[in-house]
Structures are given as C-alpha cells and as structure tokens.
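Spelled out, the chains give:
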Amino acid sequence: MHRYRTHNCAALRASDVGSIVKLSGWVHSKRDHGGLLFIDLRDHFGVTQIVIPADSTLLETVEKIRVESVLCVTGKVVAREGDTVNPKLPTGEIEIQAEDIEILSSAAVLPFQVNGNENYPEDLRLTYRYIDLRRERIHRNILLRSNVISSLRNRMIAQGFTEFQTPILTASSPEGARDFLVPARLHPGKFYALPQAPQQFKQLAMVAGFDRYFQIAPCFRDEAARADRSPGEFYQLDFEMSFVTQEDVFETLEPVMEGIFREFAPNHEISPAPFERIPYKTAMKEYGSDKPDLRNPLRITDVTSAFDGSDFGLFAKITAEGGEVRAIPAPGAGGKPRSFFDKLNGWAREEKMGGLGYITFDETGAAKGPIAKNLDEARCEQIKKACNLQNGDAVFFVAGKGLEMIKFSGTVRTKIATELNLIEQNAFRFCWIVDFPMYELNEETGLVDFSHNPFSMPQGGLEALNNRDPLEINAYQYDIVCNGIELSSGAIRNHRPDIMIRAFEIAGYPEEEVEKRFGGMLNAFRYGAPPHGGAAPGVDRIVMLLTDEPNIREVILFPLNQQGEDLMMCAPAPTTPERLKELSLALNLPKVAVKRSENAPE
RNA sequence: GCGGGUGUAGCUCAGUUUGGUUAGAGCGUCGGCCUGUCACGCCGAAGGUCGCGGGUUCGAGCCCCGUCACUCGCGCCA
C-alpha cells in the first residue's frame, strides 16, 4: 500500500465497498458525537467522510485535533445506508471506517475558516493566502485560470504559433507606463527595466522570421491598482503574426476567444465569430464609449438638430455654442412614475453633470415632461423617429461638448439599461473597435500627440502622413472588447523606418531622438522586415469574466494588495547597507516613507 | 496626489429616533455532555485600548477635529 494514499478524496464510490483504502487530506470538518465521530477529509479533488466507530481506540487522538490538520487515514470502504447517504457529495454513498489514523501535520487555530462562504477582509486573506486558497471558490478560480492558460496555449499552437520567452531584465520600453527598475550591479548607476510588454521583442521575432509568436507573457507596470487592474504585474496572451492584414489578425484571434469562452462558460451565450467591427467614431457616438457593452441593447442618437434653435433655452444655448445633444432611449419607461425620472436626475447631479433631461411618450404618443413643454410637436416627433421610439417609451438627453459629453452619454446608457433591467444575462458579447485615430490633440499643450501605440501603421501609409491632416488619419489599431471590458488592444505595426520617422516627426520627435530611443528596432527594420501585427489579450481579465469575479485578486494565486505589497512574503522590503553599497546606491527617503517604515510591524 | 466607503471580540456583524449603569449575537477557541452526523446538537467559559490621537460634555462606540489602515473610484495606466 502506498505511503500516503491509494485514492484521492473524490474517488470512492459504492462499487468500492469492502476494499481497504488509504486517504490523505485536510480535516474539513469534524462532528464529534461523543462515542461516534465523523471527519470530512478534504483534498484538492473532493471530500470523503471518515467514521471513527464508538469502540475505536483512535477516538482519543482524533478528538484533540483541529480542523485543517492533515491526516492519513487507513480504513475500510463501507456503504452508507438509507438516509445516511449524502446526495450532496459525489462520495456520499460510502464512508471510510477508520482503522488507523496518522496525524501528518496538526493545525493551529486558524485566522479564518476554510469551511463556509463567509467573507473575510482582504488583508487577512492575503496574509494567509495559502489558507485562503484552500477555500472552494478561490481554489476553483485558480484552477480555472490554469486550465484557461493551458487551453489558450493549445489553441495558439494549433494555429501555428510558437511560444518564446522574452527577456525580463531588459531596457525601458515606451508603452507609456512607469517602468520597474532593477539596479545593475556590474554597471553602477545603470538600471534594467522590467518589460511593460514584450512589444519590441515580439516584433523583432517577426523580423527574425519566426512567422507566428505567442507567449503567456508577464508584464510589469509601476502604476496604481484598480479592482480590475493588478498593481505591478499581470499576464497577457501576447502574440504577433507576419505577413498579415488587420482582418487576418481578427480571424486568428476570434476562434481562440470564442473557443475559450465556449469551453469554460458552457451556460453562456457567446458571440459567434466574426465579431462585430465597430469604428472608433461610431462607438463613441452610438455607445458613448470605446469599449461598448453589447449586452446593452440601447443605442445613442445625435438629436442636436431637434434642439438647435428650439424654444428649450438650455439646450438651444448649448447647440448655439457648438455643443451637441445626444438621446438615450428608455424603452417602456414612458409610464414610469415621476420619482423614476427624479431619481435619475438626482443621480446625474451626483455625477456632477448638471442633470438629466427627458421626454416621455404616453400610450397615445403624446410627448410629456418639462422639456416637451418647451419643444414644438414636430421636434418631439423628430426625436421619436430618430431614436426609433414607440408610444409608451421615454428618452433621456445629454447635452454638452466634447469628450465629457460623449463619456457621460455612455454612462447614462449603462445606467438606464441597468435601471430598466435590459442588460442581457449569461452572455459574452464581443466586438472589435477599429480605426482608432493615429493622433490626438493634447489638450494641455495644444500639440499633436500619438493617441495610442506609436508603432502602429497609419492607414494610408507615408502618403497620408505627408498629405493629410494628422488628426484625420486613422491607424491600423484595434481593441477587442467583451461585455464592456477591454480585453486587448493590438495593431498592424509600422515596419517601415521611413514611415516611422515621419510619424514621430508629426508628433514632434526629431529623427535623432527616434534613432536614440528606438534605434534597435528601427535598425532591425532596415535589414528586411515583414509586415506584421498582433495583439495581447489580458489573461487575468479573461478569467475574471469567466469566473464573474469583480476583483482581479480573486483570479491570481498570490496577488499584491492595492499598495503593491505582498503581505505574506513581506515585499517590498528594505535591504542592507552592504547590498546598497554593492549596487552603488544611496537612499534619499522622503519623510513620509521613513515614517511609514518606522510604523511597520516587525 | 484627490474624492467616496469602511474600521466594535480571532472572524462576520448588531449597537436602538436623541450621548446615559456592567458594549451584545453568531462563527471560531477552550471545558463538559452526546452512537448517524454531514452548517451535528446541548450546557458552560474565556475572549474588547470600540483603528489611533485630541476635543466638546457631568458623561462619548455614538457628536466634532486630526490621523492611520484597508477598499472603491478619479488622476495614472491598455
């Protein structure tokens, strides 16, 4: 018989009755009836009930052990009878009559319980992550993550991709975030940067002729955390392909995404490929966002002309000053009580957006509400028609200028659909956002700036850069969005040094500067570079969607807290003067940091 | 850096409309009882600087000011 186990804790069935077995695992729960004692023994695979009979000499030992102690149990599989069968357990038809129990490891009193669904404070969970990870939900999440990654690998390899590891200790890359730096001992005063993404390396792999690269790539960015954004490090399915157009990239990633979501969310509706392609400008106009949630059926309509020159002074003034009015339909809300509209208006005020105007259409189609009073019938009818409204519907208005108005229209779209319960449930809806502008106007400086990745190929190439208004040029730059969450951005890259230098020139970078900062890659493109493109969907976010977890830390094995600290391993940590000297570093701590480290518990 | 929320027993939380004697419950822990439980049950006990500091008051868990921690969001960041 094996030293520790003949079966795992999910294996035994009625057909095993009579056999002598050995199981090892944690004491999930203990029910002591005085004479008789039950243990639920748990391992990675499941739970099996152990019985210690009334006359057993084991009783004395077992009575003393705490839950989460680790036992090795030898005994006989016996059938449970009648109502002692537990239909909730896969192993519920049997139990193990213990003949010998070895305590492999006894547990101290726990900081929180493994058994049960209680919520515990996150810092406690992170300090004792190894206990937290025993709990069913998080254990399942992490396992799912592993399976997702494994499936992603298989799907990519099946499509002819090759996995490579790119450097972790590398040079600063221009993704826009703050780098993590590592001091180089052999080069005093110099630093490695951890990669914000393997962007340049994967492009260089294409130049090297590998045709299709992918990697489950760790990325490092020294920026603040969010619920859906890990501080410090995260993982992407980073990939790149040679000799492809934008459509080729889409057609390659679509079956991977659709397949993954079908595999791991079998009870959800999944967008079938090809996913809808939505130009950036359309997305901003109709969804008020560059990451629209397609589960939300509402569409935003431009109704500026219906208010331009109208008697509704507030909006007429805004349109006269070059502002716009956007309408968000609220199907079936025409009959809602006044309080419904007041509540939304109050919400808009809390969002610091002045308020939220509306018109309701009653069952006869008559327009009602404060705005309708000041708007002639033809204009109301125009709005009704433009927004495709029926009798009994309502419509909300957002008026203003620029990005702020657009973003708020998107927020209102989400809010109304949520209030009216219109968001499709149990569905994953994908789309591509395409035709991102190559440049944007920096509002602070008034200068032209890259709006996304500077390495994207401008649509129209060098000709467009030379002859067109930079702000009118689109890039072969795209995002893939699922349920309103940006899973990835990507691009067809600029593989032509002449176009790249011109592209940077427009954004105000002289040629010498470009050569200095990106000379490595630029040079590579001078020795024969294939046209190439790719993307890098975030693994953590895919798993968040699949597990329906609102917080990224629920899908990461050992996450940092919001402050970027590892509470379990106590990182980051101070170092010794000897190490600092070796690295040619001297500390220059701000007062706050000194205070904080003084207060830190040892 | 800024704004919101939270902070009471090891853990989850309650603490009343308006400040009033000794701050409660459940889980867990410890002790006792219990031969069919699977959220076992029953009896009992221990366990509290009400995050911390200051203020108002005869009196503060509760009101005021400051501060710290955690968290959500903004800024930042694909």
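Residues numbered from 1 in each chain as written. Chains lettered and ligands numbered in written order. Predicted model: local features only at pLDDT ≥ 70, side-chain atom pairs only at ≥ 80, totals over all residues. Heavy atoms only, no water.

Going by what an unreviewed UniProt entry lists, chain A is known as Aspartate--tRNA(Asp/Asn) ligase and is assigned to Commensalibacter communis. Recorded under Catalytic activity (unreviewed entry), the UniProt text for chain A is reproduced unchanged: "tRNA(Asx) + L-aspartate + ATP = L-aspartyl-tRNA(Asx) + AMP + diphosphate". Regarding chain A, the relevant UniProt record gives this comment under Subcellular location (unreviewed entry): "Cytoplasm". (UniProt positions renumbered as here; feature names shortened; annotations may be inferred.)

Student: Residues and numbers for the overall build of chain A, please.
Tutor: What chain A contains, in helices and strands, is 19 helices and 24 strands. For chain A, the spread of C-alpha atoms along the three principal axes comes to 95 × 75 × 55 Å. Looking at the 602 residues of chain A, the share that counts as buried comes to 48%. Accessible surface computed for chain A: about 30,200 Å², of which carbon and sulfur atoms make up 51%. Measuring between centres, the 67 positive side-chain charges of chain A sit 2 Å from its 84 negative side-chain charges. (Helix = DSSP H or I, 4+ residues; strand = E, 2+ residues; numbered from the N terminus. Buried < 20%, exposed > 50% of the residue type's maximum accessible area, 1.4 Å probe, protein only. Areas by Shrake-Rupley, 256 points an atom, 1.4 Å probe, with all protein chains shown as cover. Lys, Arg positive; Asp, Glu negative; His and termini not counted. Charge placed at Lys NZ, Arg CZ, Asp CG, Glu CD.)

Student: So what's going on with the pattern of salt bridges? Which residues, and what values?
Tutor: The tally for this structure, following the rule as stated, stands at 39 salt bridges. Of the charged contacts, one joins Asp132 and Arg129 as a salt bridge, the two residues approaching to 2.8 Å between their closest N and O atoms. Note that Asp132 and Arg129 are positioned in helix H3 (residues 129–132) at a spacing of three residues, about one turn of the helix. Comparing Asp132 with Arg129 shows no difference in burial state: the two are buried. (Salt bridge = Lys/Arg side-chain N within 4 Å of Asp/Glu carboxyl O.)

Student: Give a description of the protein's contact with RNA strand B that names residues and reports values.
Tutor: Neighbouring residues of RNA strand B: 50 residues in total, closest Asp32, Arg221, Arg226, Arg229 and His452. Arg80 places a side-chain nitrogen or oxygen 2.7 Å from a base nitrogen of RNA strand B. Here Glu565 contributes a side-chain N or O atom positioned 3.4 Å from a phosphate oxygen of RNA strand B. Only strand S1 (20–32), strand S2 (37–42), helix H2 (122–127), strand S23 (485–492) and helix H19 (591–599) provide two or more residues apiece to the surface near RNA strand B. With three residues, the single largest contributor to the surface near RNA strand B is S1. Looking at the surface near RNA strand B, its residues break down into twelve nonpolar, 18 polar and 20 charged. (Near = heavy atom within 4 Å. Polar contact = N/O pair within 3.5 Å; in protein donor to acceptor, adjacent residues only side chain to side chain. Nonpolar A, V, L, I, M, F, W, Y, C, P; charged D, E, K, R; others polar.)

Student: Can you lay out the environment of Tyr128 for me, pointing to particular residues and giving the numbers?
Tutor: Tracing the backbone shows Tyr128 in the loop between H2 and H3. Taking the relative accessible area as the measure of exposure, Tyr128 reaches 29% and is therefore partly exposed. Remark: the alpha-carbon pair of Tyr128 and Leu567, spanning 439 residues in sequence, is separated by 8.4 Å. Beyond its immediate sequence surroundings of up to four residues, Tyr128 is in contact with Pro111 and Phe112. (Contact = heavy atoms within 4.5 Å.)

Student: Can you explain the sheet that holds strand S13 (residues 301–302)? Please cite residues and give values.
Tutor: Read from one edge of the open sheet, five strands run S13-S14-S17-S15-S16, paired in antiparallel fashion. The sheet terminates laterally at S13 and strand S16 (367–368), the two strands that pair on one side only. Here strand S15 (residues 357–361) pairs with S16 via two bridges, running antiparallel. Across the sheet, residue Thr360 finds its bridge partner in S16, namely Lys368. Where helix H9 (residues 313–320) meets the sheet, its contacts fall on strand S14 (324–330) and strand S17 (394–400), and the angle it forms with S17 comes to roughly 45°. (Pairing = 2+ DSSP bridges. Axes fitted to C-alpha atoms, helices over the stretch in contact; angles between N-to-C directions.)

Student: Describe in detail empty space enclosed by the protein, supporting the description with residues and values.
Tutor: Under the criterion given, the structure shown has one cavity of 30 Å³ or more. In this structure, the largest cavity spans a volume of roughly 40 Å³. Residue lining of the largest cavity: Leu126, Arg129, Phe558, Pro559, Asp566 and Met568, and that is the complete set. Here the lining of the largest cavity is composed, by residue class, of four nonpolar, no polar and two charged. (1 Å grid on protein atoms, 1.4 Å probe; cavity = no way out; pocket = protein on both sides within 12 Å on 5 of 7 lines; lining within 4 Å. Points joined across faces, edges and corners; volume = space filled by probe spheres on them.)

Student: How would you sum up the packing of aromatic side chains? Please name residues and give values.
Tutor: To describe a pair of aromatic rings, you give the distance between the ring centres and the angle between the ring planes. Evaluation of the coordinates by the stated rule reveals 28 aromatic pairs. Pairing Tyr128 with Tyr130 gives two aromatic rings, centres 6.3 Å apart and planes at 80°, and the pair type is edge-to-face. Taking relative accessible area as the criterion, Tyr130 reaches 44% and is therefore assigned partly exposed. Taken together, a centroid distance of 5.5 Å and an interplanar angle of 80° make the contact between Phe504 and Tyr509 edge-to-face. Between the NZ or CZ atom of Lys336 and the centre of the ring of Phe340, over which it lies, the distance is 5.3 Å. (Phe/Tyr/Trp six-rings, centres within 6.5 Å; stacked < 30°, edge-to-face > 60°. Lys NZ or Arg CZ within 6 Å of the ring centre and 35° of its normal.)

Student: So what's going on with the UniProt feature "binding site: L-aspartate" (unreviewed entry) in chain A? Residues and values would help.
Tutor: Within the UniProt annotation, "binding site: L-aspartate" (unreviewed entry) is assigned to Glu175, Arg221, His452 and Arg493. One can find His452 in the loop between strand S21 (448–450) and helix H14 (461–467). Judged by relative accessible area, which is 32%, His452 ranks as partly exposed. Setting aside its immediate chain neighbours within four residues, His452 contacts Phe436, Pro437, Met438 and Gln477. Engagement of the side chain of His452 in a polar contact is seen with the side chain of Ser451, the distance being 3.5 Å. Structurally, Arg493 can be placed in the loop between S23 and helix H15 (497–506). In this structure, Arg493 is in contact with Gln199, Lys202, Gln203, Glu240, Asn453, Phe455, Ser456, Met457, His532, Gly533, Gly534 and Ala535, ignoring residues within four places of it in sequence.

Student: Please provide a residue-by-residue account of the environment of Asp100, values included.
Tutor: Looking at the secondary structure, you find Asp100 in strand S5 (residues 94–105). Ignoring sequence-local partners within four residues, the contact set of Asp100 consists of Leu58, Cys72, Val73 and Thr74.

Student: Quick rundown of the nonpolar core? Include the residues and the values.
Tutor: Nonpolar side chains tend toward joint burial in soluble globular proteins. Counting 64 residues, the largest nonpolar core has Val148, Phe239, Met257, Phe261, Phe428, Phe430 and Leu546 as the members making the most contacts within it. In terms of residue count, the dominant contributor to this core is helix H6 (residues 246–264) (eight residues). Ignoring sequence-local partners within four residues, the contact set of Val148 consists of Ile260, Phe264, Ile542, Val543 and Leu546. With 33 residues, the next largest nonpolar core counts Tyr280, Leu294, Leu344 and Trp347 among its residues. (Core = buried A, V, L, I, M, F, W, Y, C linked by side-chain atoms within 4.5 Å.)

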